[in-house]
Amino acid sequence: MFEDKNPELTPISKLGEFGLIKHLTEFFPLSNESSEVGVGDDAAVINPENKRVVLTTDVLAEGVHFNLGYVPLKHLGYKAVVVNLSDIAAMNATPTQILVSLAVSNRFPVEALEELYAGIQAACGRYKVDLIGGDTTSSNAGLVMSITAIGIENEENIVKRSGAKPNDLLVVSGDLGGAYMGLQILEREHAVFLANPNMQPEMEGFDYILERQLKPEARTDVKGILKQLDIKPTSMIDISDGLASEILHLSDQSNVGFRLYEEKIPMDNLTITTADDFNLNPVMTALSGGEDYELLFTISPNDFDKMKNHPDFTIIGHAVEKEDGNFMVARGSNQLVALTAQGWDAFLSNQQND
């Protein structure tokens, strides 16, 4: 991508490192009271006002986490922010600031980075977070991004992975598996294009799952919904690597086991039909696909009446004693299927994910 040596494109060297940072960040005003000093000084300054500061970071590398053959740079910028804000939301905290660092090769003109930062800016506006700093450098391996997200929250509101107890209910927001099936569509059409560049991609009718992959949203709204319901989760995690993997994380940190009911896993009809078209088990796309960025959490059984039938959430199982293990109860039977972590792993070289 961006191999065309169009003379109208601006090489990064024309601006230099500091000129590039100023150019890309000049339209990022500060909107949070906790953001005292942003981009332009030696370091950012935030004032947490006696609250707890929650920090998370992710690295996204071209060819490992995303393929610019089918991922628009604006979407990439947006998604890179969202995946970090999702981690903040999983702590039941409010995201407030981000830092963005880039390593870019000389095949990317300034205009390409403008597109990337347009996506970052859109995410900052959508979630009301401030860009307060970062770094840029050159790269011999394409594009590498590192985003750090900061959240601020009262100590009593923060939820960790370690608070689940036996008999707690296991709950998930939204629906699962769509992002993985969106990736399958993109990979298929990209392979067709590489084989025959004259072929038009067949994307019509797949809008929902394509958006789940290319432009996911962080469930920062869940915190407010749960507050309205007067429910505080006992444990929580976001679903980035697949439902099964995240259940096992909660199990490990909370020292409990889980029973997941296959028939309760929420899935969109388009996810199911697309999985069938690819000869995939739809349930496996939810268990192992990942990148849904929904929230998985546990609540006290005393909160069942507050949670039942809520349109944003589905109760999909419950916690058991640790020695009882982690199993899925198969649909239409009492057969127990062991849950295993088969989600995506960046260190397995034969995988490609976005």
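Predicted, not measured: the structure shown is a model, and the values here were computed from it.

K.L.:
Would you mind showing me how to read the UniProt feature "binding site: Mg(2+) 1" (unreviewed entry) in the protein chain here?
P.N.:
As recorded in UniProt, the feature "binding site: Mg(2+) 1" (unreviewed entry) lies at Thr57, Asp58 and Asp135. Taken together, the annotated residues stretch across 79 residues yet fold into one region, lying no more than 14.5 Å apart by C-alpha. For Thr57, the location among the structural elements is in strand β3 (residues 52-61). Excluding anything up to four places from it in sequence, Thr57 contacts Asn84, Ser146, Ile147 and Thr148. At 3.1 Å, the side chain of Thr57 and the backbone oxygen of Ile147 are in polar contact. In this fold, Asp135 is placed in strand β5 (residues 130-138).

K.L.:
How do you make sense of helix α8 (residues 269-277) when you look at a structure like this?
P.N.:
Note: α-helices contain 3.6 residues per turn, so residues at a spacing of three or four share the same orientation. Along α8, the residues that are buried comprise Leu270, Thr271, Thr274 and Ala275. What you see down the axis of α8 is that its buried residues fit within an arc of 130°, all on one side. Of the surrounding elements, those touching the buried residues of α8 are α4 (178-195), α5 (207-214) and α9 (282-288). One side-chain oxygen at the N-terminal end of α8 lies 2.8 Å from the backbone nitrogen of Leu270; it belongs to Asp268. Of the residues one or two after α8, Asn279 is the one with positive phi, at around 60°.

K.L.:
Any chance you could explain the packing of aromatic side chains here in plain terms?
P.N.:
Each pair of aromatic rings is reported with the distance of its centres and the angle of its planes. What the rule picks out here adds up to 1 aromatic pair. Summarising the aromatic geometry, the rings of Phe297 and Phe313 are spaced 5.5 Å apart at their centres and angled 90° between planes, so their arrangement reads as edge-to-face. Within this pair, whereas Phe297 is found in strand β10 (residues 295-299), its partner Phe313 is found in strand β11 (residues 313-321), the two being separated by 16 residues in sequence. An identical accessibility class is assigned to Phe297 and Phe313; each is buried. Of note, Lys215 hangs over the ring of Tyr78, and the distance from its end group to the ring centre comes to 4.3 Å.

K.L.:
It is not clear to me how the sheet that holds β5 should be interpreted in this structure. Could you clarify?
P.N.:
The pairing of strands in a sheet comes from backbone hydrogen bonds and takes either a parallel or an antiparallel form. Read from one edge to the other, the open sheet built from 4 strands follows the order β3-β6-β4-β5, with strand pairing classed as mixed. The open sheet has two edge strands, β3 and β5, and neither has a second partner. Going from strand to strand, the sheet's axes swing by 15° on average, the running direction of each strand aside. The sheet contact formed by β3 and strand β6 (residues 144-153) spans 10 bridges and is antiparallel. Bridge assignment links Leu60 to a residue of β6, and that residue is Met145. Here helix α2 (residues 73-89) sits on the sheet in contact with β3, β4 (94-104) and β6, set at roughly 40° to β6. Here helix α3 (residues 110-127) sits on the sheet and contacts β4, β5 and β6; the angle it forms with β4, its principal contact strand, is near 170°.

K.L.:
It is not clear to me how the environment of Ala286 should be interpreted in this structure. Could you clarify?
P.N.:
Mapping Ala286 onto the fold places it in helix α9. Under the relative-accessibility criterion, Ala286 is labelled buried at 0%. In sequence terms Ala286 and Val337 are 51 residues apart; their C-alpha atoms lie 15 Å from each other. If near-sequence neighbours (up to four positions away) are discounted, Ala286 is found in contact with Leu176, Gly177, Gly242, Leu243, Ile265 and Met267.

K.L.:
Even after reading the chapter, I still don't get the pattern of salt bridges, so can you show me in this structure?
P.N.:
If charged atoms from side chains of opposite charge come close, those side chains can pair. Evaluation of the coordinates by the stated rule reveals 14 salt bridges. Note that Glu62 is salt-bridged to Arg107, the shortest N-O span being 2.6 Å. Of this pair, Glu62 sits in the loop between β3 and α2 while Arg107 sits in the loop between β4 and α3, and the two are 45 residues apart along the sequence. Looking at Glu62, the relative accessible area reads 21%, which means it is partly exposed. For Arg219, the salt bridge identified is with Asp312, shortest N-O distance 3.8 Å. Residue Arg219 is located in the loop between α5 and α6 (222-228), and its partner Asp312 is located in the loop between α10 (304-307) and β11; the two are separated by 93 residues in the primary sequence. According to the relative accessible area criterion, Arg219 is buried, its value standing at 13%. Taken together, the salt bridges that share partners define one network made up of Arg212, Arg219, Asp221, Glu294 and Asp312.

What counts, and at which threshold
Residues numbered from 1 in each chain as written. Predicted model: local features only at pLDDT ≥ 70, side-chain atom pairs only at ≥ 80, totals over all residues. Heavy atoms only, no water. UniProt positions renumbered as here; feature names shortened; annotations may be inferred. Helix = DSSP H or I, 4+ residues; strand = E, 2+ residues; numbered from the N terminus. Contact = heavy atoms within 4.5 Å. Polar contact = N/O pair within 3.5 Å; in protein donor to acceptor, adjacent residues only side chain to side chain. Buried < 20%, exposed > 50% of the residue type's maximum accessible area, 1.4 Å probe, protein only. Arc of directions from axis to C-beta. Phe/Tyr/Trp six-rings, centres within 6.5 Å; stacked < 30°, edge-to-face > 60°. Lys NZ or Arg CZ within 6 Å of the ring centre and 35° of its normal. Pairing = 2+ DSSP bridges. Axes fitted to C-alpha atoms, helices over the stretch in contact; angles between N-to-C directions. Salt bridge = Lys/Arg side-chain N within 4 Å of Asp/Glu carboxyl O.

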